[in-house]
Structures are given as C-alpha cells and as structure tokens.
Amino acid sequence: MTKFKKSRLLYTWAFTRRKTTAAIDITNSCNLKCSHCYWWKEERPEELGDDAMVAFMKSLRAKGMTAAIIYGGEPMLRPKMCEAASKIFDHPLIFTNGTQGFTQINAEWILSLDGTKAVHDSIRGYGAHDCAVGNLRKAPRKPVVHTTITRQNRHNLEEFLDELAGLPIKGVGFSFYTPHRTGDDGSLFIPVDERDPILDELLRLRKKYWRILGLTTTMANQFRKDGEFSEWNSNEKCPVNKVCNCYNADGTLKPCTYGSDADCSRCGCASIPLYRAAIRHLDPLALFMIYRMVK
Ligand code: SF4
Ligand code: SF4
C-alpha cells in the first residue's frame with residue numbers, strides 16, 4: 001500500500017498540476033538563530049493553537065494534499081503537532097535542527113547540518129553540532145541530512161562528508177543559500193556564476209562518498225548558470241510551486257518556503273534540481289532519492 005501511495009504521489013507530481021503537497025510552518029518558535037536564516041529576521045503572523053492547527057491540517061488533507069513538509073521555526077518545539085501531522089498526511093516529512101531529538105512517529109526526517117563541529121557551531125551557535133549529532137545517533141529512523149552552502153562552509157565540504165560517512169543517515173543533499181531581495185548584505189551568498197567549481201567538487205567527491213552524496217550530474221546542471229538554471233529561477237516557473245502550497249503558521253499562504261521576499265533569481269533550493277532531474281529528466285538516481293525520502 002505504501003509503495004502504491006508513493007507511486008501515486010510521484011505520478012501526480014509528474015503528470016498533473018494538482019497541489020498535492022503542503023509546506024507548513026507549524027510553529028513560529030525556534031531555539032537557534034542561524035546566520036543564514038531569514039526566519040528570525042522577519043515579523044510573522046501569530047501561529048494557530050493546537051486545535052486550530054489540527055483542523056487546518058485536516059482541511060488540507062481533505063483537499064487532496066497527501067504530502068506535507070513540516071517546517072518552522074523548529075517543528076520539534078511542537079512535538080504534538082508533528083505527531084498529528086504524521087497521522088493526518090500520507091507522506092509527512094519533518095525538517096529539524098536536531099536539537100530537540102527525534103521521536104518514534106510515522107514520518108521521514110530531514111536534519112539540517114551545515115558542516116563539521118566548528119563550522120556548524122559558527123553558523124548555528126555553540127553546542128548545536130554535538131546536540132544534533134548526539135540525537136541523530138539515537139534516532140529511531142535514519143534522517144536525510146540537508147546542508148545549505150554559504151561562504152561560511154564552502155571550503156569544508158570534504159571534511160564534512162568524511163564525518164557524515166560515519167553517521168547513521170540515509171544521505172545528504174545540498175542547497176545553495178537563497179538570499180532575500182532586500183536587506184541581504186551579501187556576506188553569505190555565493191553568486192550563481194561561482195557555483196560551478198563547488199558543484200564540480202561535489203561531483204568529484206561523489207566518487208568517494210557515493211553511498212551518501214545526493215547529487216547527480218543532471219541535478220548539478222539545474223544549478224549552473226550555463227546549465228538549466230534559467231529554465232526555473234522565477235516564482236512563475238518554480239516547479240515546486242506548481243505542486244506545493246506554502247503556509248504560514250496562521251494558515252495563510254506564502255509564496256515560498258524561504259519567505260515572501262526570497263529572491264528567485266538567485267534561488268539555491270535543493271528540492272528543485274532534485275525534482276527536475278527526477279520528474280523531467282527521469283534521472284534514475286534522483287528518482288531513487290525522492291522515493292527514499294518520501295514516507
Ligand atoms: S534552526 Fe532553522 S528556523 Fe531555526 S534559526 Fe536555524 S535555520 Fe532558522
Ligand atoms: S525562491 Fe522559492 S519560489 Fe523562488 S524559485 Fe526558489 S523555491 Fe521557488
């Protein structure tokens with residue numbers, strides 16, 4: 001049954017324009033203040049209480065949204081709502097910073113790690129790395145690691161992959177930092193025309209870390225300025241927006257998971273190269289990655 005539901009979800013992503021996925025900010029709270037995060041820099045609407053949030057999620061499910069990506073803030077600061085989401089949706093995926101631990105609920109996990117201990121802590125705060133990795137080692141289900149590449153961690157990728165290779169994870173995927181249109185001082189963003197050497201390095205490292213490194217040549221090409229980047233880097237063309245609605249914690253719509261001011265012309269979101277490689281190019285490895293990531 002699970003295999004059938006997964007295949008049905010992939011089919012609707014590929015062949016229909018139905019919004020089958022909801023990306024929900026389940027809380028406004030976060031215990032960290034990461035340097036690359038837009039979250040703590042913005043005002044946001046008051047979050048729904050528990051009963052209202054459950055009713056909201058059920059209403060999305062009733063509209064045919066079978067998959068949910070649970071964000072925050074830090075979702076595990078509302079563990080009961082994460083559990084509720086895991087029961088309401090067929091394909092729940094929870095993004096977490098890992099500091100609150102992983103519980104035995106029926107969901108897949110994405111753990112944000114940004115580098116080795118010194119690098120991760122310089123981005124996310126002292127102690128964040130050991131706390132997240134300690135919880136990861138005890139997790140009932142292996143998560144996928146997600147890493148945002150910025151100027152702070154771009155030079156430590158091999159050392160980081162070496163560490164990840166020894167951890168109980170399904171794999172690791174990379175985004176590039178996506179700046180906002182206003183108020184970004186440029187200290188983190190890697191310009192689109194500087195991505196190529198990093199992508200080439202990751203593809204080279206894939207030979208050594210093939211078991212965990214989730215990047216294929218077709219996926220990398222979606223990020224490249226002279227590749228297929230121009231085919232999707234706007235809100236109108238964004239393929240994720242075609243199948244997914246993003247919601248604030250009060251249930252209102254927002255244009256992107258990165259917030260209302262995200263700069264599509266400099267987008268570095270990993271989900272789009274993965275989606276395009278798998279669904280548009282039928283890249284078998286990308287399809288396999290999506291299949292493993294979806295509950
Ligand atoms: S843990 Fe996530 S939501 Fe919290 S500050 Fe860091 S990136 Fe932002
Ligand atoms: S910034 Fe958001 S809306 Fe724009 S292309 Fe990237 S993921 Fe899509």
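What you see is a predicted model, and the numbers here were worked out from it, not measured in a lab.

Explain the overall build of the chain to me, and be specific about the residues and the numbers.
The number of helices and strands found in the chain is 11 helices and 8 strands. The globule rule puts the C-alpha radius of gyration for 295 residues at 19 Å, and the 18 Å found for the chain is close to it. On the principal axes, the C-alpha backbone points of the chain span a range of 45 × 45 × 40 Å. When burial is assessed residue by residue, the chain has 58% of its 295 residues classed as buried. The contacts of the chain with a sequence gap of at least 6 include a subset with a gap of at least 24, amounting to 74%. When the accessible surface of the chain is totalled, it reaches about 13100 Å², and 54% of it is carbon and sulfur. Computed over 42 positive and 33 negative side-chain charges, the separation of the two mean positions in the chain equals 8 Å.

Please set out the layout of surface pockets residue by residue, giving values where relevant.
Of the volumes computed, that of the second largest pocket is approximately 240 Å³. Mapped onto the lining of the second largest pocket, the elements with two or more residues apiece are α1 (2-15), α9 (239-243) and α10 (271-280). With 4 residues, the single largest contributor to the lining of the second largest pocket is α10. Taken together, the residues that form the lining of the second largest pocket break down as 5 nonpolar, no polar and 6 charged.

Explain the sheet that holds strand β8 (residues 253-254) to me, and be specific about the residues and the numbers.
The sheet built from 8 strands is open, its strands ordered β6-β5-β4-β3-β2-β1-β7-β8 with mixed pairing. Each of the sheet's edge strands pairs with one partner strand only, and the pair in question is β6 (171-176) and β8. When strand β4 (residues 108-112) meets strand β5 (residues 144-149), the two strands line up parallel, connected through 3 bridges. Its bridge partner lying in β5, L111 is registered against V145. Its contacts with the sheet put helix α2 (residues 50-62) on β1 (21-25) and β7 (244-247), and the angle it makes with β1 is roughly 165 degrees.

Tell me what's going on with the packing of helix α6 (residues 157-164) against helix α7 (residues 195-206), and back it up with residues and numbers.
The description of two helices packed together rests on the angle between their axes and the distance between the axes. Contact geometry of α6 with α7 gives a least axis separation of 11 Å together with a crossing angle of 35 degrees. The crossing of α6 and α7 is right-handed. Contact residues: α6 offers L157, E158 and L161, while α7 offers I198, E201, L202, R204 and L205. Among the residues making up the contact of α6 with α7, the classes are represented as 5 nonpolar, no polar and 3 charged.

Lay out the site of ligand 2 with the relevant residues and their values.
Looking at ligand 2, the residues that line it are N235, C238, N241, C256, A262, C264, C267 and I272. Per-class residue counts for the shell around ligand 2 are 6 nonpolar, 2 polar and no charged.

I'd love a proper account of the environment of A118, names of residues and values included.
With respect to the element layout, A118 can be found in helix α4 (residues 117-124). Relative accessible area serves as the criterion here: at 62%, A118 is assigned to the exposed category. Along the backbone, A118 and H129 are 11 residues apart, and their C-alpha atoms lie at a distance of 8.2 Å.

Outline the side chain of Q222, listing residues and values.
Within the secondary structure layout, Q222 lies in helix α8 (residues 217-223). On the basis of relative accessibility, which here comes to 0%, the residue Q222 falls in the buried class. In terms of polar contacts, Q222 uses its side chain to reach the backbone carbonyl oxygen of T218, at 3.0 Å. Among the polar contacts listed, one links the side chain of Q222 to the side chain of R276, at a separation of 2.6 Å. When near neighbours in sequence (up to four residues on either side) are disregarded, Q222 contacts E228, F229, W232, P273, R276 and H281.

Summarise the nonpolar core; cite the residues concerned and give the values.
Ranked by internal contacts, the top residues of the largest apolar core, which has 78 residues, are W13, I24, M57, L161, L164 and L202. Contact partners of I24, with chain neighbours within four places excluded, come to M53, F56, M57, L60, I69, I70, Y71, F89 and Y247. Of all hydrophobic cores here, the second largest spans 10 residues; its members include V192, W232, C269 and I272.

So, helix α5 (residues 128-138): which residues are in play, and what are the values?
Those residues of α5 not exposed but buried are A128, H129, A132, V133, N135 and L136. Down the axis of α5, the buried set is contained in an arc of 160 degrees. They therefore lie on one face. Every exposed residue of α5 that faces more than 90 degrees away from the buried side is listed here: R137 and K138. Buried residues belonging to α5 abut β4, α4 and α6.

Thresholds applied
- Residues numbered from 1 in each chain as written.
- Chains lettered and ligands numbered in written order.
- Predicted model: local features only at pLDDT ≥ 70, side-chain atom pairs only at ≥ 80, totals over all residues.
- Heavy atoms only, no water.
- Helix = DSSP H or I, 4+ residues; strand = E, 2+ residues; numbered from the N terminus.
- Rg over C-alpha atoms; globule rule 2.2 N^0.38 Å.
- Buried < 20%, exposed > 50% of the residue type's maximum accessible area, 1.4 Å probe, protein only.
- Contact = heavy atoms within 4.5 Å.
- Areas by Shrake-Rupley, 256 points an atom, 1.4 Å probe, with all protein chains shown as cover.
- Lys, Arg positive; Asp, Glu negative; His and termini not counted.
- Charge placed at Lys NZ, Arg CZ, Asp CG, Glu CD.
- 1 Å grid on protein atoms, 1.4 Å probe; cavity = no way out; pocket = protein on both sides within 12 Å on 5 of 7 lines; lining within 4 Å.
- Points joined across faces, edges and corners; volume = space filled by probe spheres on them.
- Nonpolar A, V, L, I, M, F, W, Y, C, P; charged D, E, K, R; others polar.
- Pairing = 2+ DSSP bridges.
- Axes fitted to C-alpha atoms, helices over the stretch in contact; angles between N-to-C directions.
- Left-handed = near helix turned anticlockwise from the far one by under 90°.
- Near = heavy atom within 4 Å.
- Polar contact = N/O pair within 3.5 Å; in protein donor to acceptor, adjacent residues only side chain to side chain.
- Core = buried A, V, L, I, M, F, W, Y, C linked by side-chain atoms within 4.5 Å.
- Arc of directions from axis to C-beta.

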